[in-house]
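# Structural characterization, general
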Number of protein chains: 2
Amino acid sequence: MQLLKDRIRRDGVIKPGNVLKVDSFLNHQMDIGLLNEIGKEFKRRFADLNITKIVTVEASGIGIACIAAQYFDVPVIFAKKTQSVNIDGDVYSAQIESFTHKRNYDVIVSKKFLNAQDNVLLIDDFLANGCALLGLIEIVASSGANVAGIGIVVEKGFQSGGEVIREMGLRLESLAVVERMDAETGEIFFRGE
Amino acid sequence: MQLLKDRIRRDGVIKPGNVLKVDSFLNHQMDIGLLNEIGKEFKRRFADLNITKIVTVEASGIGIACIAAQYFDVPVIFAKKTQSVNIDGDVYSAQIESFTHKRNYDVIVSKKFLNAQDNVLLIDDFLANGCALLGLIEIVASSGANVAGIGIVVEKGFQSGGEVIREMGLRLESLAVVERMDAETGEIFFRGE
């Protein structure tokens, strides 16, 4: 998605350690006009799927998922992060390892909101090692629902998450795949360019 | 807002201890059509203000704020919750006491995204004791920006937050104010009815 790549090149900030900050337009301050274009692009790419629910995980996926959901005309469910040790029986849960925060946490979705008839589109802002996404996939699988597609805004192509998910046979579409970035020169190289 | 009150009466669940669960349409699963009507209503109520930014706090305020922002044509900033003890100098921060989780946490907003020229609308899903909202107000004040208005979806009128905020002279609009609820009969009484 050229508009997105241009924006990442213009406003993204590369930090040492392969960190790409897009917090001025995507995941702290959010440019709603851009989010609408992202939502339309997800709809274009997944138009053939009969999506019944969009599922994301708090926090930064929520805004993107809600704006996109307008084009699919379906509800959004966001998985909640929790550190509770006691997960009750009314929720589907998965444990996620966070590299950023260097600890594990659980994500939960109430059993009321997913069932075997659902055809789910997963949406998130970032895909790096894939831990959060694998947790969401596990939760959807627990409910008997189908993961019809996965829409990611920015994939770090040099980390393993994208490959792992694609090898599972899942339909993953990333609107921008960063192949390589250079913190010194500020250059960003996208897949397919 | 009658559509919202009707929906709360239909799908809200009252739990002992004055807990009102609206997780089937507002803050776990989100009905995007309803969120759009809520966004339009906020725009109608705050149409006279020249809002430049909408500020909310993760997680459940984000979807509502993003959908509403389409009617104001402004960016959304969500304050991030953190348990980091070391808050660096690049952020505005406030400490919030959570009654639900019985612990304190910090919320932060990057200094890059708020300044003295901003005219801010705060948006959140719930107002009860007001701790989260007071934290957001403190953050906006630290930046020198103006809190022009506060839009809340559901206010628990029997808790003190609404009164505290209104006594500060701030313009607070809640789309539904619950005066009283009865966990046994399932009845909900709204202010002004």
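Residues numbered from 1 in each chain as written. Chains lettered and ligands numbered in written order. Predicted model: local features only at pLDDT ≥ 70, side-chain atom pairs only at ≥ 80, totals over all residues. Heavy atoms only, no water.

### Observations concerning the interface of chain B and chain A
This is how it is decided: Between two residues, a contact is recorded if the distance between any of their heavy atoms is within 4.5 Å. Here's the idea: put two parts together, see how much 1.4 Å probe accessible area each one loses, and the total over both is what we call buried area. What counts as a salt bridge is simple: a side-chain nitrogen of Lys or Arg found within 4 Å of a carboxyl oxygen of Asp or Glu. Each polar contact in these results corresponds to two N or O atoms within 3.5 Å; when the atoms are within protein, one needs to be able to donate a hydrogen and the other to accept it, and residues that are neighboring in sequence are counted only if both atoms are side-chain atoms.
Every contact between the two is made by 31 residues of chain B and, on the other side, 31 residues of chain A. Where chain B abuts chain A, roughly 2,500 Å² becomes buried across the two surfaces, and 63% of that area is made up of carbon and sulfur atoms. Three residues stand out in chain B for area buried against chain A, namely B:His28, B:Gln29 and B:Phe113, and they jointly supply 26% of the buried area on that side. In this structure, the connection of chain B to chain A is made through 2 salt bridges. With its nearest N and O atoms 3.3 Å apart, the salt bridge here joins B:Asp23 to A:Lys112. In this structure, the connection of chain B to chain A is made through 13 residue pairs in polar contact (both at pLDDT 80 or more).

### Considering the pattern of salt bridges
Spelled out, the test is: Helix and strand assignments come from DSSP, with helices taken as H or I runs of at least 4 residues and strands as E runs of at least 2, each series counted from the N terminus. A 1.4 Å probe rolled over the protein chains alone gives each residue an accessible area, and that area as a share of the maximum for its type sets the label: buried under 20%, exposed over 50%, partly exposed in between.
Counted by the stated rule, this structure contains 28 salt bridges over all chains. Across the pair A:Asp118 and A:Lys53 runs a salt bridge, and its minimum N-O distance is 3.1 Å. In this pair, A:Asp118 is assigned in the loop between strand E7 (103-110) and strand E8 (119-127) and A:Lys53 in strand E4 (residues 53-57), connecting sequence segments 65 residues apart. The exposure class of A:Asp118 is buried, given its relative accessible area of 7%. Given the relative accessible area of 12%, A:Lys53 is considered buried. Between B:Glu179 and B:Arg191 there is a salt bridge; the shortest N-O distance is 2.5 Å. Residue B:Glu179 is found in strand E10 (residues 172-181), and its partner B:Arg191 is found in the segment after strand E11 (188-190); the two are separated by 12 residues along the sequence. The class of B:Arg191 is partly exposed, set by a relative accessible area of 36%.

### Points about the relation of the copies chain B and chain A
The test is simple: Each copy is superposed on the other by least squares, with the fit set by C-alpha atoms of residues at a pLDDT of at least 70 in both.
When chain B is fitted to chain A, the residual RMSD is 0.0 Å, and the transformation amounts to a turn of 180° plus an axial shift of 0.0 Å. The two molecules are tied by a two-fold rotation axis, judged by turn and shift. Take the interface residues of chain B: 100% of them recur as interface residues in chain A, which is what a same-surface contact looks like.

### Concerning the packing of helix H1 (residues 2-11) of chain B against helix H2 (residues 32-45) of chain B
Residue and element names in this part refer to chain B. Heads up, the condition is: As a rule, the C-alpha atoms of each element are fitted with a line to give its axis, helices using only the stretch in contact, and angles between N-to-C directions run from 0 to 180 degrees. Residues were grouped as follows: Ala, Val, Leu, Ile, Met, Phe, Trp, Tyr, Cys and Pro as nonpolar; Asp, Glu, Lys and Arg as charged; and all remaining residues, including Gly, as polar.
Two numbers describe how H1 lies on H2: the axes approach to 10 Å, and their chain directions differ by 145°. Counted together, Leu3, Leu4 and Arg7 of H1 and Leu34, Glu37 and Ile38 of H2 form the full contact between these two elements. Along the lines of polarity and charge, the residues of the contact of H1 with H2 split into 4 nonpolar, no polar and 2 charged.

### A word on the side chain of A:Asp23
Following the sequence through the fold, A:Asp23 ends up in the loop between strand E2 (19-21) and strand E3 (29-30). What makes A:Asp23 buried here is its relative accessible area of 9%. Here the side chain of A:Asp23 touches B:Lys112 through a polar contact of 3.3 Å, side chain to side chain. Discounting chain neighbours no more than four positions away, the residues touching A:Asp23 are A:His28, A:Gln29, B:Lys112 and B:Phe113.

### Overview of helix H3 (residues 61-72) of chain A
Residues and elements named next belong to chain A. Let me state the cut-off plainly: Between the first and last residue of a helix there are one fewer steps than residues, each counted as 1.5 Å, and that sum is the expected span.
For H3, built from 12 residues, the straight-helix expectation of 16 Å at 1.5 Å per residue is met to within 8% by its first-to-last C-alpha distance of 16 Å. Buried residues dominate H3, accounting for 10 of its 12 residues. Inspection of H3 places Gly61, Ile62, Gly63, Ile64, Ala65, Cys66, Ile67, Ala68, Ala69 and Phe72 among the buried residues, and these make up the whole buried set. A positive phi of about 55° marks aspartate 73, the residue just after H3.

### Concerning the packing of aromatic side chains
For clarity, the threshold we go by: Pairs were defined over the aromatic rings of Phe, Tyr and Trp, the Trp ring being its six-membered one, requiring ring centres within 6.5 Å. Orientation was assigned from the angle between planes: stacked under 30 degrees, edge-to-face over 60, tilted for the rest. Charge-over-ring placement is defined geometrically: NZ (Lys) or CZ (Arg) within 6 Å of the ring centre, and within 35 degrees of the ring normal.
Taken as a whole and judged by the stated rule, the model has 2 aromatic pairs over all chains. The ring centre of A:Phe189 lies 4.1 Å from the NZ or CZ of A:Arg180, which sits over that ring.

### Some thoughts on unusual backbone geometry
In this model, A:Glu58 is joined to A:Ala59 through a cis peptide bond whose omega is 5°. Phi at A:Asn18 is positive, roughly 60°, even though this residue is not glycine. The residue A:Asn18 is located in the loop between strand E1 (13-15) and E2 in this model. Its identity as a non-glycine residue notwithstanding, B:Asp73 has a phi of 55°, on the positive side. Topologically, B:Asp73 is positioned in the loop between helix H3 (61-72) and strand E5 (76-82).

### Let's talk about the confidence of the model for chain A
Convention followed: For every residue, the predictor reports its confidence as pLDDT, a number between 0 and 100.
Of all residues in chain A, 95% have pLDDT values of 70 or greater, and the mean over the chain is 95. Scoring of the predicted complex yields 0.96 for pTM and 0.96 for ipTM.

### Concerning the packing of helix H2 (residues 32-45) of chain A against H3(A)
All names here are of chain A. Stated formally: Any angle from 65 to 115 degrees is called roughly perpendicular, while one under 35 is roughly parallel, one over 145 is roughly antiparallel, and all others are oblique. Should the near helix be turned anticlockwise from the far one by less than a right angle, the crossing is left-handed, and should it be turned clockwise, the crossing is right-handed.
As a packed pair, H2 and H3 sit with axes 8 Å apart at the nearest point and diverge in direction by 50°. Here H3 runs oblique to H2, going by the angle between their axes. Relative to H3, the crossing made by H2 is right-handed. Contacts between H2 and H3 involve Ile32, Leu35, Asn36, Ile38, Gly39, Lys40, Phe42 and Lys43 on the former and, on the latter, Gly63, Ile64, Ile67, Ala68, Gln70, Tyr71 and Phe72. Split into classes, the residues belonging to the contact of H2 with H3 amount to 9 nonpolar, 4 polar and 2 charged.

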